[in-house]
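This is what each chain is made of:
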Amino acid sequence: MSFLPDDRASELRELFFESAAEILQNMNEAGLALEERPADKENLRSVRRAVHTLKGDSAACGFRELSELAHELEDVLTPELAKENAALIPEVVLTAADTFHEMLAAYRDHLQPPDGGALRDHINRLLHKSPSPPEKSSPLEAKFDWNEYERLMIAEAFRRGEAVYNVALYLDSESLLPAAAFELVRKALEGAGRILVLHPESAAQAASTNLIEAAVSSTKSIDWIRKHCHVPSVVSRISVVKCSAGDTAPRDLLEILVEAEAAAVSAKVGSGSSELAADHQDESRDAVATSGLAHAAAENTLRVDAGRIDTVMNLVGELIIGKSMLQRTITEFERTHPKDPLRGKFADALAFQSRVLGELQKSVMKIRMVPVEQLFRRFPRVVRDVAKSRNKEINLEIAGQNTDLDKSVLDALGEPLAHLVRNAADHGIETAAERVAAQKPSRGTVRLDAYHEGDQVVIEISDDGRGLDRAKILRRAIECGIVGANDTARLNNSDIINLIFEPGLSTADEVTEISGRGVGLDVVKSAVDNLKGSIELESELGQGTTFRLMVPLTLASIQSLLFHVSGKLYAVPLAMVVEITRVSEGEVHRLDNHEVFQLREQVLTLVRLERLESTAARAREKRIFVIVIGSGSRKFGLAVDSLMGEEELVIKALEDRLVTSPLVSGASILGDGTVVLILNVPAVISHLSRIQPVGAIA
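First things first, this report covers the structure right here in the doc. (Residues numbered from 1 in each chain as written. Predicted model: local features only at pLDDT ≥ 70, side-chain atom pairs only at ≥ 80, totals over all residues. Heavy atoms only, no water.)

**Digging into the sheet that holds strand E9 (residues 456-463)**
Strand order in the open sheet formed by 5 strands is E6-E8-E9-E11-E10, and the pairing between neighbours is mixed. On the outer flanks of this sheet lie strand E6 (394-398) and strand E10 (534-540), each paired with one strand and no other. Strand after strand, the sheet turns through a mean of 15° between neighbouring axes, direction not considered. Inspection of the sheet shows E6 paired to strand E8 (residues 444-453) by 5 bridges, in the parallel sense. Across the sheet, Ile394 pairs through a bridge with Gly444, a residue of E8. Helix H18 (residues 379-389) contacts E6 and E8 of the sheet and is inclined by roughly 165° relative to E6. (Pairing = 2+ DSSP bridges. Helix = DSSP H or I, 4+ residues; strand = E, 2+ residues; numbered from the N terminus. Axes fitted to C-alpha atoms, helices over the stretch in contact; angles between N-to-C directions. Contact = heavy atoms within 4.5 Å.)

In structure tokens form, the structure reads like this:
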């Protein structure tokens, strides 16, 4: 079924998935709030509104299984049932959020969604439904209460110009084979026309009712349908009513999605303005009453695909390159024609263009920036699930939610942060008994914080748990062959604790399905390295652990320092440059097959890029430029041939087949067409750690 062209329907489905993700996040937050305050009616209404919106949106997109399951869930989200089952409702809400998330993932991948068995079990338990088929009840009156999806099916039939009839068939109470009776009735309906809706849908469901309701599109008359569907000894009475187009309120798919999204917005803006009753009719009236306010709020928000923002950012990057070209051309013109009166006009035009371009770049960057709150909102549920499964008491403290970060960086940090938070809750925090024995509060604390530091964002994940045992880490590292027994004397405390980032190293005595301290931390480090960031680790045995992730504000452009090495032009992020100095070759010493030099009170490793790349060693000069680079707590000196100065570079990703060295993370182009290779500082440090003792890097 399609109401719109395929490309438009695809766009609207993406809008649905985006809105549904926000709805599920709100359900998670409301479920956690209900655990703390079971009697909070507003949280219950919030969940009910979210489920109602999700039901309508999914029906509009043709996701029938999700729509029907959400419809069933609405039946238990009533004040009466919530009051009677205060302890169960939060678990139902959180289970629903997980189930809906799995179904949405299946729909995205065009797979069959799960049946939601666990959620249905919760619903049946709350409704006190018996798993065995109940006794047949007396005949009911037909209501033809079709859900959103079913009304859309009927509306589509009207669009094709077909006549639609509501048919109610009352089964004979003396019928001994309800399954066979249901199949006979269904075949009779199929003979009368095309079945659009059928209640109940299966013979198993028909065993608990004497009434079958259907919507049928047919070219036959009412009398013909009534006679054709009368099955002797099975059907005792038949009611056939012709539908009108107004009964189904057919709407365009776009209108349905916009209205549903407006209802979701109104739930946030005017959630406390009116009391909602437990039934669907009152809930719908409330959505209509606040729709004006919702549309007013929606007018200030524009949803734009992230790919379009990236395209604009790429164009801004090309303009920056164009500005550099113009600047070099004007400089050459001034050198060639120092007395030409056009010099001043060119300079003014360039200054104006630079100012406007700078503002444009800042504006686009602000559009790409989102608060880390969008990421932090996931973790209360993560901590709650770990605490419940491991029988622990854990409190999550969050700060710095309004710190802005590039959307692409934020998305890349999702999994690494989730892993660190699970680690902290699962293996960092002790059980209540262990904490009391250690004279700590029985409830452990996991903290999340984010703040700006220069042109980087720092995200801290800390806990007040058991901390990391350095002796244990070192012992496991030797067992795994990561460190030789003879090299341990050269490792300081920081080097030992950072060994947990090595692949395959785990200090967990008990590996759980949730996490294992050390397992996967190499993946976390790799993810941060790919973002051209760094990670620091601090831990005290018995006191707790802190992971500090430092990532750039954006991956689109960087302020950099340019330099030459062996005829190649390189750049390093200016934020990582600690200082620039010069040393003589006599001040460079060899220690354990690597070079070091002394900078005031520190001894730093000296890196020569041409040697890292295994090229021929250059002729040594009397004095060399050294760029002192810092990444986290690590520092090293980089020997360069000459310095070119500072420049803003637009980063261009390089395909793997174009770059053979992992020491290069990207490239850029200068105004004169020169290609600049951007140094991958974390990869350099990792390379040094493999070819020499880690302690050689001060």
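So that's the structure; there's more coming.
**Things to note about the packing of aromatic side chains**
For the coordinates displayed, the defined rule picks out 9 aromatic pairs. Note on Phe16 and Phe17: the rings are 5.5 Å apart at their centroids and 50° apart in plane angle, and the pair reads as tilted. Per residue, the accessibility class of Phe16 equals that of Phe17, and both read buried. With 5.5 Å between their ring centres and 45° between their planes, Phe16 and Phe63 make a pair best called tilted. Separated by 47 residues along the polypeptide, Phe16 in helix H1 (residues 6-36) and Phe63 in the loop between helix H2 (41-60) and helix H3 (64-74) bring together distant segments of the chain. The pair Phe16 / Phe63 is uniform in exposure class, with both members buried. Note that Arg237 overlies the ring of Tyr170, its terminal NZ or CZ placed 3.9 Å from the centroid. Its guanidinium or amino end placed over the ring of Phe625, Arg582 lies 4.3 Å from that ring's centre, counting from NZ or CZ. (Phe/Tyr/Trp six-rings, centres within 6.5 Å; stacked < 30°, edge-to-face > 60°. Buried < 20%, exposed > 50% of the residue type's maximum accessible area, 1.4 Å probe, protein only. Lys NZ or Arg CZ within 6 Å of the ring centre and 35° of its normal.)

**With respect to the nonpolar core**
Of all hydrophobic cores here, the largest spans 49 residues; its most connected members are Phe379, Leu413, Leu417, Ile459, Phe547 and Leu549. Element by element, the count of residues in this core is highest for helix H19 (residues 407-428), at 9 residues. The contact partners of Phe379, leaving out residues within four places of it in the chain, are Leu396, Gly414, Leu417, Ala418, Val421 and Leu448. One finds Val93, Ala96, Met103 and Leu126 within the second-largest nonpolar core, a separate group that totals 35 residues. (Core = buried A, V, L, I, M, F, W, Y, C linked by side-chain atoms within 4.5 Å.)

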